[in-house]
Structure formats: structure tokens, C-alpha cells
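# Structural description and commentary
Each chain is listed here by its residues.
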Amino acid sequence: MTAPAAPAADSTFVLTLLCPDRPGIVHAVSGLLVEHHGNILESQQYDDLVEHRFFMRVRFAVDGGPGGEAGLAALRAAFAPVAERFGMTWELWLAASPYRTLILVSKFSHCLNDLLFRWSKESLNIDVVGIVSNHLDCQALAASYDVPYHHVPVTPETKAEAEATMLGLVDSLDVDLVVLARYMQVLSDDTCRALSGKAINIHHSFLPSFKGARPYHQAFDRGVKLVGATAHYVTADLDEGPIIEQDVLRVDHGYDQDQLVAAGRDVEAQVLSRAVRWHAQSRVLLNGDRTVVFR
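An account of the accompanying structure is given in this report.

Here is what the cut-offs are and how they apply
Residues numbered from 1 in each chain as written. Predicted model: local features only at pLDDT ≥ 70, side-chain atom pairs only at ≥ 80, totals over all residues. Heavy atoms only, no water. Helix = DSSP H or I, 4+ residues; strand = E, 2+ residues; numbered from the N terminus. Rg over C-alpha atoms; globule rule 2.2 N^0.38 Å. Buried < 20%, exposed > 50% of the residue type's maximum accessible area, 1.4 Å probe, protein only. Contact = heavy atoms within 4.5 Å. Areas by Shrake-Rupley, 256 points an atom, 1.4 Å probe, with all protein chains shown as cover. Lys, Arg positive; Asp, Glu negative; His and termini not counted. Charge placed at Lys NZ, Arg CZ, Asp CG, Glu CD. Polar contact = N/O pair within 3.5 Å; in protein donor to acceptor, adjacent residues only side chain to side chain. Phe/Tyr/Trp six-rings, centres within 6.5 Å; stacked < 30°, edge-to-face > 60°. Lys NZ or Arg CZ within 6 Å of the ring centre and 35° of its normal. Pairing = 2+ DSSP bridges. Axes fitted to C-alpha atoms, helices over the stretch in contact; angles between N-to-C directions. Salt bridge = Lys/Arg side-chain N within 4 Å of Asp/Glu carboxyl O. Core = buried A, V, L, I, M, F, W, Y, C linked by side-chain atoms within 4.5 Å.

In this section: the overall build of the protein. Tallying secondary structure elements over the protein gives eight helices and 13 strands in all. By the compact-globule yardstick of 19 Å for 295 residues, the protein fits well, its C-alpha radius of gyration being 21 Å. Oriented by its inertia axes, the alpha-carbon framework of the protein measures out at about 60 × 50 × 40 Å. Here the protein, with 295 residues, has 45% of them falling under the buried criterion. Pairs at least 24 apart in sequence give 68% of the contacts found in the protein among residues at least 6 apart. In the form shown here, the protein has an accessible surface area of approximately 15000 Å², with 52% of it arising from carbon and sulfur atoms. Averaging the positions of the 25 positive and the 36 negative side-chain charges in the protein gives two centres separated by 4 Å.

Before going further, it helps to spend a moment on unusual backbone geometry. Notably, Asp146 is not glycine yet its phi reads approximately 60 degrees, a positive angle. Tracing the chain through its elements places Asp146 in the loop between helix H4 (139-144) and strand S7 (149-151). The backbone phi angle of Ser282 is positive, close to 55 degrees, even though this residue is not glycine. Given a relative accessible area of 8%, Ser282 falls into the buried group.

Right, let's get into the side chain of Asp48. Mapped onto the fold, Asp48 is located in strand S2 (residues 38-48). For Asp48, a relative accessible area of 2% corresponds to the buried category. Only 3.0 Å separates the side chain of Asp48 from the backbone nitrogen of Val50, close enough to count as a polar contact. Engagement of the side chain of Asp48 in a polar contact is seen with the backbone nitrogen of Glu51, the distance being 3.0 Å.

For the rest of this paragraph, the subject is the packing of aromatic side chains. What the rule picks out here adds up to three aromatic pairs. A ring pair is formed by Phe79 and Trp90, whose centres lie 5.0 Å apart and whose planes are at 65 degrees; its orientation type is edge-to-face. Here the residue Phe79 occupies a position in helix H2 (residues 68-86), and Trp90 occupies one in strand S4 (residues 89-94), the gap between them amounting to 11 residues. Between Arg76 and the ring centre of Trp93, over which it is positioned, the NZ or CZ distance is 5.0 Å.

The subject of this paragraph is the sheet that holds strand S9 (residues 199-204). The seven strands lie next to each other as S7-S6-S5-S8-S9-S10-S11, forming an open sheet whose pairing is mixed. Edge positions in the sheet fall to S7 and strand S11 (243-250), since each has one partner strand and no second. Across the sheet, the mean angle separating the axes of adjacent strands is 20 degrees when strand polarity is ignored. Bridge count for S9 against strand S10 (residues 226-233) is five bridges, and the pairing is antiparallel. Note that in S10 the partner of His203 across the bridge is Thr230. Strand contacts of helix H5 (residues 159-172): strand S5 (99-105), strand S6 (126-133), S7 and strand S8 (177-180), with the helix running at about 165 degrees to S5, the strand carrying the most contacts. Set on the sheet, helix H8 (residues 257-280) makes contact with S5, S6, S8, S9, S10 and S11; between it and S10 the angle comes to about 30 degrees.

All chains considered together, the criterion is met by 11 salt bridges. With its nearest N and O atoms 2.9 Å apart, the salt bridge here joins Glu268 to Arg182. Taken together, the residues Glu268 in helix H8 and Arg182 in the loop between S8 and helix H6 (189-194) connect sequence positions 86 residues apart. Glu268 gets classed as buried once you look at its relative accessible area, which sits at 0%. Measuring nitrogen to oxygen at the nearest pair gives 3.2 Å for the salt bridge that ties Arg295 to Glu245. Taken as a pair, Arg295 in the segment after strand S13 (290-293) and Glu245 in strand S11 lie far apart in primary sequence, 50 residues in all. A relative accessible area of 60% means that Arg295 is categorised as exposed. Here the salt bridges share partners, and the residues they tie into one network are Glu42, Arg57, Arg59 and Arg283.

So, about the nonpolar core. Ile131 and Leu272 are the most contacted members of the largest nonpolar core, which has 34 residues in total. Elements with a minimum of two residues in this core: S5, helix H3 (110-120), S6, H4, S8, S9, S10 and H8. The element that contributes the greatest number of residues to this core is H8, accounting for seven residues. Leave out the neighbours within four places in its chain, and Ile131 touches Leu102, Ile103, Val105, Leu112, Leu116, Ala142, Val147, Pro148, Tyr149 and His150. Ranked by size, the runner-up nonpolar core spans 23 residues in total, among them Phe54, Phe60, Val62 and Phe86.

Spelled out as C-alpha cells, the structure:
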């Protein structure tokens, strides 16, 4: 027996939504998809019983009718009345459409290197359209992947100008996602608001215990037994945005300072790549100060 053919990329879509919880939401969504010859390939939902919010992610294929951007526009127009009836905040995208991504980095290249490698192997649904850095340390790495490198030095006097340059690139390059891959600059409140819900940061999970420079060396001096990392959305509250992913690695007294740093870099790179992957697959929905992640 011949297996059914996989749905075409230009006819596969992802719908995400959140709204006040009430009866009939799933029926309305599935009914609309049936009307437009949609076949549900994956469906996940979550009821926040405390805040009375409903979250849903549906990946579906349409058999017949226009595909690509024309099909997307038709589906959005058809879904709009359903969304209005239930007070939905929603997005509908072509599932295979990559997120145009701008990566910010300073001197440490491990997260950048990991993202570029995964992107080059098509394991992330992103298109890296540029790299911004306040140093030149990662320029050769960017060149090896043929990615434009924008050197934007930052000083206290030029901070506002540097952020304006970065935001200008976000606009001119039509960027969907900004990734702070160990970008060691604190973004202003205005910039955080401009990037709300579309910027992901990574940091070690020692906070608030070991702040400032050389946190892994501080941790070594205290004999920590767990090394971890946190990926979260950027907000004006430094390192306190809605968390997307976290992980930890157990260490012991046998680790010296360099081994502790290496372990930390591995965890940071893995956690950031997972957060980027889920965001670029429309699997992350904001729920106030928290997130719903449909893995």
C-alpha cells in the first residue's frame, strides 16, 4: 500500500491563538478549517484555569484552492470573523516560512556559532539576514557563513545612536526575530518595548547570585553543583522577561574553572537553540509574564 504524499509546503499553515476561555472555541476553529478543506496535522491546546485564558496551536494542510501567499491571505480573511467573535489574539502563517532573524553578539561566539551551524543544516526555521556586534571578534565567523556583519560600537555616549542603528536594520531587513546571542549590552526601555515579543536573550542561571563579570569563576569559588541557562523574551526588566526554556547540567568538585565555563557554554547554546526553534515554529505564546510552549 502506498503511503499518502506529504502535504506541499505552500499549502501547510500554522494557526496560533489565545482568547478568554469559553465553550465552542475548538468547534469554531475546526469547523472553519473543514469549510476550507483543511486537514489538521497537529493540534495542541491549553486552558489557563487561573486566568481563564485559552491557548491553541494548529498545524494544518489545505487540499485544493490557492497555496502560498494567496492561500494565506484567503485563510486570514476567512478566519477574521471567528477571531472577532471570540476576542482572539491570533496569528496565521505558512508553516515553512522562515523567520527573518537578526543576531546580536559581543565577544563570546559559542551561541552564535551554534545558531549559524544549525541554520546552515536547516534544523532551524530561520533565515539569518545579519549579525550586529559591538566588537569585531565574530566577524570571521560571520564571513564563513556569508552573513553580513554590522560592527556597531557602543559607548555610554553613543548607546542611543547604536540602538537606533540596530532598530533601523530590524526595519530595513524586515526582521521577524532578534536573538541576543551573548550580547553584553543592556538595551534601553524604549528598545525593549520596540522589540516586545520578538527578541530572545540567553544568560546563565546563576542570577541573581553571581552578577557581573566572570560569573562562572564566581560560581567555581562557591563550589556550585549545577550549571544552567535561561532563554527568555527581552523586556525592560533586566533578565526577567517571560521564560521560554531552561536547562541545567550537574557538575562536581572535579571541574576546574575552565571546565565549568565550557559546561556553561554548552548549556547556553543548547537552551538558546531550543528557544529559537520553538519560537520560529510558532510554538511559544505569551501568557502575561509567562509563556505557553507547545513542544
